[in-house]
Every structure is written in C-alpha cells, then in structure tokens.
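Chain and residue survey
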Amino acid sequence: QVHLVESGGGLVQAGGSLRLSCVASGRTFSRYAMGWFRQAPGKEREFVAAIKWNGGSTYYGDSVKGRFTISRDNAKNTVYLQMNSLKPEDTAVYYCASPNAYYSDYVPIGVSQYQYWGQGTQVTVSS
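To start, this report covers the structure provided alongside it.

Thresholds applied
Residues numbered from 1 in each chain as written. Predicted model: local features only at pLDDT ≥ 70, side-chain atom pairs only at ≥ 80, totals over all residues. Heavy atoms only, no water. Helix = DSSP H or I, 4+ residues; strand = E, 2+ residues; numbered from the N terminus. Buried < 20%, exposed > 50% of the residue type's maximum accessible area, 1.4 Å probe, protein only. Contact = heavy atoms within 4.5 Å. Areas by Shrake-Rupley, 256 points an atom, 1.4 Å probe, with all protein chains shown as cover. Lys, Arg positive; Asp, Glu negative; His and termini not counted. Charge placed at Lys NZ, Arg CZ, Asp CG, Glu CD. Polar contact = N/O pair within 3.5 Å; in protein donor to acceptor, adjacent residues only side chain to side chain. Disulfide = S-S within 2.5 Å. Pairing = 2+ DSSP bridges.

1. A few points about the overall build of the protein chain
Looking only at helices and strands, one finds zero helices and eleven strands in the protein chain. In the protein chain, the succession of helices and strands from N to C terminus is β-β-β-β-β-β-β-β-β-β-β. Taken along its principal axes, the extent of the C-alpha atoms in the protein chain is 40 × 30 × 25 Å. Across the 127 residues in the protein chain, those meeting the buried criterion constitute 42%. Sequence-distant contacts in the protein chain: of pairs separated by 6 or more residues, those separated by 24 or more amount to 59%. Just so you have it, the protein chain exposes about 6300 Å², and 47% of that area is on carbon and sulfur atoms. Computed over 12 positive and 8 negative side-chain charges, the inter-centroid distance for the protein chain is 5 Å.

2. Details of the side chain of Thr121
Here Thr121 is to be found in strand 11 (residues 121–126). A polar atom in the side chain of Thr121 sits 3.2 Å from the backbone nitrogen of Gly9. Sequence-distant contacts of Thr121, that is, excluding residues within four places in its chain, are made with Glu6, Ser7, Gly8, Gly9, Leu20, Ala92, Val93 and Tyr94.

3. Details of the state of the cysteines
Under the defined criterion, the tally for this structure stands at one disulfide. Each sulfur in the disulfide pair Cys22 and Cys96 lies 1.9 Å from the other. With Cys22 in strand 3 (residues 18–25) and Cys96 in strand 9 (residues 92–98), this pair connects stretches of sequence that are 74 residues apart. The same class applies to Cys22 as to Cys96, namely buried.

4. Observations concerning the pairing of strand 5 (residues 46–51)
Most of strand 5 sits inside the fold, with five of its six residues counted as buried. When strand 4 (residues 34–39) meets strand 5, the two strands line up antiparallel, connected through five bridges. Counted as the bridge partner of Arg38 is Glu46 from strand 5. Turn length for the strand 4-strand 5 hairpin, with the two strands adjacent in sequence and antiparallel, is six residues, and the turn residue Gly42 shows positive phi of about 80°. When strand 5 meets strand 6 (residues 58–60), the two strands line up antiparallel, connected through three bridges. When the sheet's bridge partners are listed, Ile51 is paired in strand 6 with Thr58. Counting the residues that bridge the hairpin from strand 5 to strand 6 gives six residues, and of these Gly55 lies at a positive phi of roughly 80°.

So, in structure tokens, the structure goes:
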C-alpha cells in the first residue's frame, strides 16, 4: 500500500516562500515519478510540477514556472516543492501524487495519470 504524507503548508504573505515536503512509503520510491498538484475551492485539480524517477527531468505548470522548484531525495523517500514569490492566486490545497506505472523516460503531468495521492496540505497566501 502506497502512502504519501505532505507537510509544510501554512499561511504566508504575498511575496513569501514555503517549502512543501512529501514522504512516501509502501514501495520503492526511487523507481517512480512524483508530482505536485493543487486545488482551489470551486476549481479543478491543477498540475503544478512533476519530476522524473531519477530527478533528471522536471516539468512545471505555466502559472508557477520560474517561481516553484520540485526536487527529490531518493535516499529519504521525499519529494519537495519550493515555492517562492507566492501570490494570492497560489492559495489552494496542495497534493503530492505518484503514478502506478513505472516510466523510464516519461514524466506524467495529467491528473488521471496519477493513482496514489496524499491527503493534501493547505497553502494560504494573503495579499
């Protein structure tokens, strides 16, 4: 059973920074891509960032490019999301996720491509 636990959310002023963490358990973490998604009230879940199993490739949603950085530490079974220059529109519940399939040279970015999800962590950015 794959288990993902996020932490690091909170309340921050616009322009500030937060770092989210997601610890995975239940299978060999280093074999799988990882992703971050977010969902604001009344909106669909949105792709934020994803990283290849070995950290060799990263992808970002257009709204966070240049401000957010995804990384992973396979020795710690942990994926991170460093969020800088936060804006009120970044306010959402942030979820980490992992696909069921192993992709050697592909990084999924669609919600439906991820089968395992954490419980989410709230990020609130005040103006």
